[in-house]
Amino acid sequence: LHVEKEWQLIEEVVGAAINRFNGENKGQVIHVTIPPDFPLVQFDGGLIEQVIINLLENAFKYTPQNTLQNTPQNTPHITPIDISAREGIHEVIVEVADRGMGILAGDEERIFDKFYRSQPSNSKGVGLGLAICRGIIQMHGGRIWVENRPDGGAAFRFTLPMTEKPPGIEEEDDPDA
């Protein structure tokens, strides 16, 4: 696999990954939170799109359709799959989080191994999606991990390094100045 990094907007790749499902998201709502002033990041768009697709597929598999959660006002609502991005010190952190069963204790690293499937599932797959994600992220110089959410579900996070400053928009000299 060859990584061809280019300066890109992470929200465009997230949007492209979401659009690939074209209604196949089993009725789940996807909530995206990316700041409007999020910087350009250097990465291979096709490969990072594949990472997000694999993480979304897992979220769809392990989050029951139309999961309801009671709010403080005791009114049920559909709990979304959350995708977010934020800046770290020398990296950006992207998260895909669900409200499924979460990860069994001790499986946090093993689920990234080839052919490993943490929990019994009625869904198809051979256990390669997360191993592929790990390989792609490592090729970018980042890391990927999972944590259980305190209120249920799993949060998959990956980083992309920001070792260089994004290119700025060069201002043209004003001949009238």
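Quick caveat, the model's predicted, so the values are computed rather than measured. (Residues numbered from 1 in each chain as written. Predicted model: local features only at pLDDT ≥ 70, side-chain atom pairs only at ≥ 80, totals over all residues. Heavy atoms only, no water.)

**Side note on the overall build of the protein**
Basically, it comes down to this: Counting from the N terminus, the helices are DSSP H or I runs at least four residues long and the strands are E runs at least two residues long. Partly exposed residues are those whose accessible area sits between 20% and 50% of the maximum for their type, while under 20% is buried and over 50% is exposed, using a 1.4 Å probe and protein chains only. Contacts are residue-level and defined by heavy atoms, with any inter-residue pair within 4.5 Å sufficient. Each accessible area value is a Shrake-Rupley result obtained with a 1.4 Å probe; residue values ignore everything except the protein chains displayed when judging cover.
The helix and strand inventory of the protein stands at three helices and nine strands. Within the span of the protein, comprising 177 residues, buried residues form 43% of the whole. A fraction of 67% describes how many contacts in the protein between residues 6 or more apart in sequence connect residues 24 or more apart. Only carbon and sulfur atoms are counted for the fraction: they give 50% of the accessible area of the protein, which is about 10,600 Å².

**What to know about the nonpolar core**
For clarity, the cut-off: As used here, the term nonpolar core means buried Ala, Val, Leu, Ile, Met, Phe, Trp, Tyr and Cys residues forming a set that is joined through side-chain atoms within 4.5 Å.
Counting 39 residues, the largest nonpolar core has Ile10, Ile48, Phe156, Phe158 and Leu160 as its most contacted members. Secondary-structure elements contributing two or more residues to this core are α1 (10–19), β3 (41–43), α2 (45–62), β6 (81–87), β7 (91–97), α3 (129–139), β8 (144–148) and β9 (154–161). Of all the elements, α2 adds the most residues to this core, at nine residues. In this structure Leu160 touches Ile10, Val41, Phe43, Ile48, Glu91, Val92, Ile137 and His140, once residues within four positions along its chain are discounted.

**Describing the packing of α2 against α3**
For clarity, the cut-off: Axis definition: a line fitted to C-alpha atoms, over the contacting stretch in the case of helices. Angles run 0 to 180 degrees between N-to-C directions. The scheme is simple: roughly parallel for angles under 35 degrees, roughly antiparallel for over 145, roughly perpendicular for 65 to 115, oblique for anything else. Helix crossings are classified by the rotation of the near helix relative to the far one: an anticlockwise turn of less than a right angle makes the crossing left-handed, while a clockwise turn makes it right-handed. Residue polarity is assigned by list, with Asp, Glu, Lys and Arg as charged and Ala, Val, Leu, Ile, Met, Phe, Trp, Tyr, Cys and Pro as nonpolar; anything else, Gly included, falls into the polar class.
Axis separation between α2 and α3 bottoms out at 9 Å; the angle between their running directions is 150°. As summarised for this structure, α2 and α3 are arranged roughly antiparallel, according to the angle between their axes. Where α2 crosses over α3, the handedness of that crossing is left-handed. Contact residues: α2 offers Leu47, Ile48, Gln50, Val51, Asn54, Leu55 and Asn58, while α3 offers Gly129, Leu130, Ile132, Cys133, Ile136, Ile137 and Met139. For the contact of α2 with α3, a count of residues per class yields 10 nonpolar, four polar and no charged.

**Regarding α3**
Since the α-helix packs 3.6 residues into each turn, any two residues three or four apart lie on the same face. Burial in α3 covers these residues: Leu130, Ala131, Cys133, Ile136 and Ile137. Next to the buried residues of α3 lie α2, β8 and β9.

**Some points on α1**
How we decide: The arc under discussion is defined with respect to the helix axis, by the directions toward the C-beta atoms.
Within α1, the full set of buried residues consists of Ile10, Val13, Val14 and Ala17. Projected onto a plane normal to the axis of α1, the buried residues spread over an arc of 100° and lie on a single side. Facing away from the buried side of α1, by more than 90 degrees, are the exposed residues Glu12 and Asn19.

**Concerning the environment of Val94**
Mapped onto the secondary structure, Val94 falls in strand β7. For Val94, a relative accessible area of 1% puts it in the buried group. Counting along the chain gives 80 residues from Val94 to Val14, while the straight-line C-alpha distance between them is 9.7 Å. Contact partners of Val94, with chain neighbours within four places excluded, come to Ile10, Ser84, Ala85, Phe156, Arg157 and Phe158.

**Some remarks on the environment of Ile48**
By secondary structure assignment, the location of Ile48 is in helix α2. With relative accessibility at 0%, the residue Ile48 sits in the buried group. Here the alpha-carbon distance between Ile48 and Cys133, two residues 85 residues apart in the chain, equals 8.4 Å. Setting aside its immediate chain neighbours within four residues, Ile48 contacts Ile10, Val13, Phe43, Ile136, Ile137, His140, Phe158 and Leu160.

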